[in-house]
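Survey of secondary and tertiary structure
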Amino acid sequence: MRQKEFGSTGKQVSAIGQGTWYIDRGDRRSAVAALRRGIDLGMSHIDTAEMYGDAELVIAEAIAGQRDEIFLVSKVLPSNASRRDTIAACERSLARLKTDRLDCYLLHWRGSYLLAETVAAFEQLVDAGKIRSWGVSNFDADDLDEMLAVAGDGRIACNQVLYHLQERAIEHAVIPWCAKHGVAVVAYSPFGHSEFPDPRSKGGELLQMIAKRHGASPRQVALSFLIREPRLFAIPKASTPEHAADNAAAGELVLGIEENAALDKAFPRGPRPRSLPML
């Protein structure tokens with residue numbers, strides 16, 4: 001599994017991690033087994049959120065006895081992002097995850113609270129040792145400018161955003177902004193939301209051709225494309241150990257320049273939208 005420096009944290013983190021949105025809605029035993037299989041294969045970056053129902057409880061079971069090997073991320077809802085409520089939300093997540101600290105804590109998306117309030121809470125949590133770093137999610141470049149003005153250089157560890165082959169809006173401004181400021185970019189829903197390219201489409205045929213060349217799967221090819229730059233990470237979800245193993249294998253797959261160029265042409269990023277797409 002490729003490791004990359006995770007933004008300003010200086011930590012080496014698996015390029016392919018594990019998302020957990022809806023992981024609590026299927027078979028609990030299978031979900032735990034999938035997370036454990038992913039960890040065994042090097043996907044030690046596990047992402048969750050207070051919004052994800054009982055996902056934090058599933059993760060707690062999966063990581064029991066191996067917390068020190070995990071880079072654990074959770075998120076606070078915008079409705080809880082005041083200074084006092086951010087701290088309370090973090091405490092709830094820590095209790096549900098059965099851990100004493102998070103490696104990174106994110107503001108899930110912008111809400112009505114002043115960013116200064118949320119940042120003050122994040123910094124208080126850092127000082128208390130309850131989080132090691134903090135970041136944001138679903139922030140466009142102008143939002144990041146505002147956060148930088150509040151927090152200062154080197155404080156925003158990552159920006160977690162929607163990114164997949166058929167939704168490349170972040171390439172216009174978000175990825176360049178994050179590259180300039182040393183911020184990790186974490187792709188959520190990297191296969192899209194029930195919209196992975198049909199194998200009979202031109203893009204799907206290209207994925208299959210490249211996959212066959214590497215002895216890989218089309219989804220592994222897609223993941224490899226998404227993490228092609230130094231500060232790009234992806235957090236696909238898996239509901240079975242077999243699916244987790246397929247995701248993990250993408251961490252070893254490196255596509256050639258011509259293959260990346262072909263995918264870039266087959267899945268054009270399109271014009272910059274007025275607002276950043278999100279789920």
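Let me sum up the structure you'll find in this document. Small disclaimer: the values here were computed from a predicted structure and weren't measured. Each chain carries its own residue numbering, running from 1 in the direction its sequence is written. Residue-level local features of this predicted model are given only where pLDDT is at least 70; pairs of side-chain atoms are given and counted only at 80 or more, and the full residue set underlies all totals for whole chains, interfaces and linings. Each side-chain value is derived from all of the structure's non-hydrogen atoms; neither hydrogens nor water enter the calculation.

So, about the environment of Gly270. A helix here means a DSSP run of H or I that spans at least four residues, while a strand means a run of E at least two residues long, and both kinds are numbered starting from the N terminus. Structurally, the position occupied by Gly270 is in the segment after helix H10 (257-266). As a C-alpha pair, Gly270 and Arg168 span 102 residues in sequence and 7.7 Å in three-dimensional space.

Quick look at the nonpolar core now. To define a nonpolar core, start from buried Ala, Val, Leu, Ile, Met, Phe, Trp, Tyr and Cys residues and group those joined through side-chain atoms within 4.5 Å. Burial classes follow relative accessibility: with a 1.4 Å probe on protein chains only, a residue under 20% of its type's maximum area counts as buried, one over 50% as exposed, and anything between as partly exposed. Residues Tyr105 and Leu263 are the most contacted members of the largest nonpolar core, which totals 77 residues. Discounting residues that sit within four places of it in the chain, Tyr105 has contacts with Ser74, Lys75, Val76, Thr86, Ala89, Cys90, Phe122, Leu125, Ile131, Ser133, Trp134 and Gly135. If you look at the next biggest cluster of nonpolar residues, it comprises 14 residues, including Phe71, Tyr188, Phe233 and Ile235. Two residues form a contact once any of their heavy atoms are found within 4.5 Å.

Structurally, Ser217 is set in the loop between helix H7 (202-214) and helix H8 (218-226). The exposure class of Ser217 is buried, given its relative accessible area of 16%. For Ser217 and Asn247, which are 30 residues apart along the polypeptide, the C-alpha to C-alpha distance reads 9.4 Å. Residue contacts for Ser217: discarding those within four places in its chain leaves Ala211 and Asp246. At 3.2 Å, the side chain of Ser217 forms a polar contact with the side chain of Asp246. Whenever a nitrogen or oxygen atom comes within 3.5 Å of another N or O atom, the pair is scored as a polar contact, on the condition that within protein one atom can donate a hydrogen and the other can accept it, and that pairs from neighbouring residues in sequence are kept only if both atoms are in side chains.

The subject of this paragraph is the pairing of strand E6 (residues 134-137). Neither face of E6 is open: one carries Trp134 and Val136, the other Gly135 and Ser137, and all of them are buried. At least two DSSP bridges between two strands are required for those strands to pair. In terms of strand pairing, strand E5 (residues 104-107) meets E6 through three bridges, oriented parallel. In the sheet register, Leu107 faces E6, and the bridge partner there is Val136. Since E5 and E6 lie parallel, the crossover through helix H4 (residues 115-127) that links them has a hand, and here it is right-handed. Where E6 and strand E7 (residues 156-162) come together, three bridges link them in parallel fashion. Note on E7: the bridge partner recorded for Val136 is Asn159. Orienting the strands away from the viewer, one traces the path from the first strand over the helix to the second; a clockwise path indicates a right-handed crossover. For the handedness criterion, the β-α-β arrangement of E6, helix H5 (residues 141-151) and E7 is classed as right-handed.

Moving on, we get to the side chain of Ser44. Its location among the elements puts Ser44 in the loop between helix H1 (28-40) and strand E3 (45-47). On the accessibility criterion, Ser44 (15% relative accessible area) is buried.

Right, let's get into the pairing of E7. Burial analysis of E7 places seven of its seven residues in the buried class, the great majority of the element. By the bridge criterion, five bridges tie E7 to strand E8 (residues 184-188) in an arrangement that is parallel. When the bridges of E8 are listed, Asn159 appears paired with Val185. Note on the crossover from E7 through helix H6 (residues 174-181) to E8: the handedness is right-handed.

Just to be clear on terms, a salt bridge is a Lys or Arg side-chain nitrogen sitting within 4 Å of an Asp or Glu carboxyl oxygen. Scanning the entire structure with this criterion turns up 19 salt bridges. For Arg28, the salt bridge goes to Glu61, with nearest N and O atoms at 3.3 Å. In this pair, Arg28 is assigned in helix H1 and Glu61 in helix H2 (residues 55-63), connecting sequence segments 33 residues apart. Look at Arg28 and you get partly exposed, because its relative accessible area is 40%. Residue Glu61 is classed as partly exposed on the basis of its relative accessible area, which comes to 37%.

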